[in-house]
Amino acid sequence: MSNSLTGAQDSAPWFNPLRDSDDKRLPRIAGPCGMVIFGVTGDLARKKLLPAIYDLAHRGLLPPGFCLVGYGRRDWSNEEFQDYVLDAVKAGARTEFQDNVWKRLTEGMVFCKGNFDDDAAFDNLASTLQYLDETRGTAGNWAFYLSVPPDFFADVCHQLDRSGMAQATEEHWRRVIIEKPFGHDQESARALNKIVNQVFPEDSVFRIDHYLGKETVQNIMVLRFANQLFDPLWNNQFIDHVQITMAEDIGLGGRAGYYDGIGAARDVIQNHLLQLLALIAMEEPIAFTPAQLQAEKVKVLRATSPVYPLAKTTARGQYSAGWQGSNYVQGLREEEGFDPESATETYAACTLQVKSRRWNGVPFYLRTGKRLGRRVTEIALVFKPSPHPPFSEESAGEEASNNAVVIRVQPDEGVLMRFGSKVPGSTMEVRDVNMDFSYSEAFTEESPEAYERLILDVMLDEASLFPTNEEVELSWAILDPILEYWAQRGKPEQYPAGTWGPESATRMMAREGRVWRRP
Ligand code: BG6
């Protein structure tokens, strides 16, 4: 793949300024292109994609003739589409609204009406793109964003193929962006990948895992590989275990159509949390290119498997009514659209192992849940206790525990180190203290939204932050045995909203003499 700014093959300009002579402080601006969004009236487009496109325009990172084409069933004129985008931008954009930015964006904003199986509507879309190429200078470069349920992937890919829109040439590129769920198990993921790859070669498929677009997630690699401080300790000799947590306080009101029958493990562990695990556990890539990075992640995912017996090493739960702060909220089964008998888990935890020289014997505990105590995503590397502290047991403070490096993905993005320190006074009392690096204090620049970064990367043909078909299939292979086991076990345990999940998750850790961190 080439980087459109430098023309360098397989380059990854987001990393390692020291080894690469290009000045990485210069903004990367996409070359001439446009984007078609299928499913433009959906939640994702309204809340994330459209605001991100405006933010990119505001930051001057879109090419001058950029075009945004919405495709959907609504009987909209271009002006009605623009009004809809305006509402989405005003509600969701990160950067300040400016009339001149908006006006420039609307000049290339077009709506095409149609269903996904409508030949004539797709032919009309093809002519529209051609017209825009001629009048706006998009140069035939188009990204197709499939913000639609995977059931429609086949129809849309078929239509893009039939109408010639999927066809790249020497002169112009065509790329497809797809959103999860990439299947519901390994077999269906393979089938889906096959459908997409029949039309788009793998190097023009960009699978979104928006966690990889987060600054703090990219910082995992910088922390590990641009510093000498951590690497000697980053292995089973020093690390006792790793906890990866993605906790949310929100419930699932309004998302029944997507979530019921899917559940927390498929929604979050299969993609976001396994990608975090891969970045934490992988070896240093020999170069920071998409291919080398993906190769290292694949090696880790291939070496990762559940720890058995699953009855003891996994836990799942479903939130029931309870207090979320000062609000009394409904349980999942009372939420609109959910089956009152729903067996969908809203909390999932599992124990994984990475069978490698570096990680053998170090459990990776992954957990995610809705309606938990607070919203937080973090990765904690918890160290083994000091082998022989020369302080008497009485003088060691009660709070003294294991050292930890905690990568706080969100909110309060940063890195925290936890270690024991002497409590002032005449005894050698030890208490854990935190040393904190906070993004907001250290840098003046505000972090871009994950979707801004990822959409720009598609336009720049920068594939580092997109999981490949192989990564997706391997992630399912890790999760499938757990999902099969749960499917035979009936309904998940209930936990009251606002708590930290089901009892079984606490027991899962207690059995191993460990506790979940309370972030
Ligand atoms: C999505 C999941 O991928 O990530 C949602 O489908 C979840 O269920 C969301 O709420 C969380 O994203 P973020 O960026 O707010 O942590």
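Calculation criteria
Residues numbered from 1 in each chain as written. Predicted model: local features only at pLDDT ≥ 70, side-chain atom pairs only at ≥ 80, totals over all residues. Heavy atoms only, no water. UniProt positions renumbered as here; feature names shortened; annotations may be inferred. Helix = DSSP H or I, 4+ residues; strand = E, 2+ residues; numbered from the N terminus. Near = heavy atom within 4 Å. Polar contact = N/O pair within 3.5 Å; in protein donor to acceptor, adjacent residues only side chain to side chain. Areas by Shrake-Rupley, 256 points an atom, 1.4 Å probe, with all protein chains shown as cover. Nonpolar A, V, L, I, M, F, W, Y, C, P; charged D, E, K, R; others polar. Patch = residues over 30% accessible without salt bridge, like charges linked within 9 Å, V, L, I, M, F, W, Y side chains within 5 Å. Salt bridge = Lys/Arg side-chain N within 4 Å of Asp/Glu carboxyl O. Buried < 20%, exposed > 50% of the residue type's maximum accessible area, 1.4 Å probe, protein only. Contact = heavy atoms within 4.5 Å. Arc of directions from axis to C-beta. pLDDT = per-residue confidence, 0-100. Axes fitted to C-alpha atoms, helices over the stretch in contact; angles between N-to-C directions. Parallel < 35°, antiparallel > 145°, perpendicular 65-115°, else oblique. Phe/Tyr/Trp six-rings, centres within 6.5 Å; stacked < 30°, edge-to-face > 60°. Lys NZ or Arg CZ within 6 Å of the ring centre and 35° of its normal. Core = buried A, V, L, I, M, F, W, Y, C linked by side-chain atoms within 4.5 Å. Lys, Arg positive; Asp, Glu negative; His and termini not counted. Charge placed at Lys NZ, Arg CZ, Asp CG, Glu CD. Pairing = 2+ DSSP bridges. Right-handed = clockwise from strand over helix to strand, strands pointing away.

Let's shift gears to the UniProt feature "domain: Glucose-6-phosphate dehydrogenase NAD-binding" (unreviewed entry) in the chain. Residues annotated by UniProt as "domain: Glucose-6-phosphate dehydrogenase NAD-binding" (unreviewed entry) correspond here to residues 36-219. With 47% helix and 16% strand, residues 36-219 has end C-alpha atoms that lie 31 Å from one another.

For the rest of this paragraph, the subject is the site of the ligand. All residues in the neighbourhood of the ligand are listed as Lys180, His210, Tyr211, Lys214, Met246, Glu248, Arg255, Asp267, His272, Lys370, Arg375 and Gln410. In this structure, glutamate 248 approaches the ligand through a side-chain N or O atom, which is 2.5 Å from an oxygen atom. At 2.6 Å from an oxygen atom of the ligand is found a side-chain nitrogen or oxygen belonging to glutamine 410. For the ligand, whose unbound accessible area comes to 400 Å², protein coverage reaches 84%. Partitioning the shell around the ligand into residue classes produces two nonpolar, three polar and seven charged.

There is a patch of nonpolar side chains on the surface, built from Phe419, Val433 and Met435 and spanning about 230 Å² of accessible area. Relative to the helices and strands, valine 433 is located in strand 17 (residues 430-438). We classify valine 433 as partly exposed; its relative accessible area is 31%.

This part covers the environment of aspartate 267. Of note, aspartate 267 is situated in helix 9 (residues 263-281). Considered as a pair, aspartate 267 and proline 181 are 86 residues apart in the sequence and their alpha carbons are 7.2 Å apart. Excluding its chain neighbours within four sequence positions, the residues that come into contact with aspartate 267 are Lys180, Arg255, Tyr258, Tyr259, Ile262, His272 and Lys370. Side chain to side chain, aspartate 267 and lysine 180 meet in a polar contact 2.9 Å long.

The next point concerns helix 5 (residues 153-162). Residues of helix 5 that are buried: Phe153, Val156, Cys157, Gln159 and Leu160. Seen along its axis, helix 5 keeps its buried residues to an arc of 160°; they face one direction. Packed against the buried residues of helix 5 are strand 1 (34-38), helix 4 (119-136), strand 4 (142-146), strand 5 (174-179) and helix 6 (186-199). Phi for glycine 164, located one or two positions after helix 5, is positive at around 85°.

This paragraph deals with the confidence of the model for the chain. Scored by pLDDT, the chain has a mean of 92; 93% of the residues are at 70 or more. When the criterion is pLDDT under 50, residues 1-21 qualifies, and its contacts beyond four places in sequence or with other chains add up to 48 contacts.

Our focus in this paragraph is the packing of helix 1 (residues 43-58) against helix 2 (residues 78-92). In the contact formed by helix 1 and helix 2, the axes pass within 8 Å of each other and the chain directions differ by 90°. Comparing the axis directions of helix 1 and helix 2 gives the class roughly perpendicular. Here Arg46, Leu50, Pro51 and Tyr54 of helix 1 lie close against helix 2, whose contacting residues are Tyr84, Val85, Ala88, Val89 and Gly92. Grouping the amino acids of the contact of helix 1 with helix 2 by side-chain chemistry returns seven nonpolar, one polar and one charged.

A few words now on the pattern of salt bridges. In total, this model carries 29 salt bridges according to the counting rule given. A salt bridge links aspartate 432 to arginine 418, with the nearest nitrogen and oxygen atoms 3.4 Å apart. With aspartate 432 in strand 17 and arginine 418 in strand 16 (residues 414-422), this pair connects stretches of sequence that are 14 residues apart. Linked through salt bridges whose partners overlap, the residues forming this network are Arg59, Arg94, Glu446 and Glu452.

Another point: the environment of valine 196. Among the structural elements, valine 196 can be located in helix 6. For valine 196, a relative accessible area of 0% corresponds to the buried category. Along the primary structure valine 196 and isoleucine 178 are separated by 18 residues, whereas in three dimensions their C-alpha atoms are 9.2 Å apart. Those residues in contact with valine 196 that sit more than four places away from it in its chain are Phe153, Cys157, Val176, Ile178 and Val205.

Taken as a whole, this structure holds 24 aromatic pairs when the rule is applied. Both rings, one in phenylalanine 81 and one in phenylalanine 111, keep their centres 5.4 Å apart while their planes meet at 40°; by these two values the pair is tilted. Highlighted residues: phenylalanine 81 in helix 2 and phenylalanine 111 in strand 3 (residues 109-113), separated in sequence by 30 residues. Of the residues examined, phenylalanine 81 reaches a relative accessible area of 0% and is grouped as buried. Lying over the aromatic face of tryptophan 173, arginine 175 brings its terminal NZ or CZ to 3.7 Å of the ring centre.

So, about the nonpolar core. Membership of the largest hydrophobic core comes to 153 residues, with the highest contact counts inside it found for Ile37, Phe38, Leu125, Phe144, Leu146, Phe364 and Leu366. Here the element with the most residues in this core is helix 9; it accounts for 12 residues. Residues contacting phenylalanine 364, with those up to four places away along its chain left out, are Val242, Leu277, Ile280, Ala281, Cys350, Thr351, Leu352, Val354 and Trp359. Within the second largest apolar cluster, five residues are counted, among which are Ala380, Val382, Val406 and Leu416.

The next thing to look at is a negative patch on the surface. Residues Asp75, Glu79, Glu80, Asp83 and Asp87 make up a contiguous surface patch of negative charge. By the element assignment, aspartate 75 lies in the loop between strand 2 (67-72) and helix 2.

This part takes up the pairing of strand 5. Most of strand 5 sits inside the fold, with six of its six residues counted as buried. Covered by surrounding structure in strand 5 are Arg174, Val176 and Ile178 together with Arg175, Ile177 and Glu179, the residues of both alternating faces. Bridge analysis of strand 4 against strand 5 gives five bridges, and the strand direction is parallel. Looking across to strand 5, one finds that tryptophan 142 is bridged to arginine 174. Assessed by its sense of winding, the connection that carries the chain from strand 4 through helix 5 to strand 5 is right-handed. Of the pairings in the sheet, the one linking strand 5 to strand 6 (residues 205-208) comprises four bridges and is parallel in character. Each bridged residue has a counterpart across the sheet, and for isoleucine 178 the counterpart in strand 6 is arginine 207.

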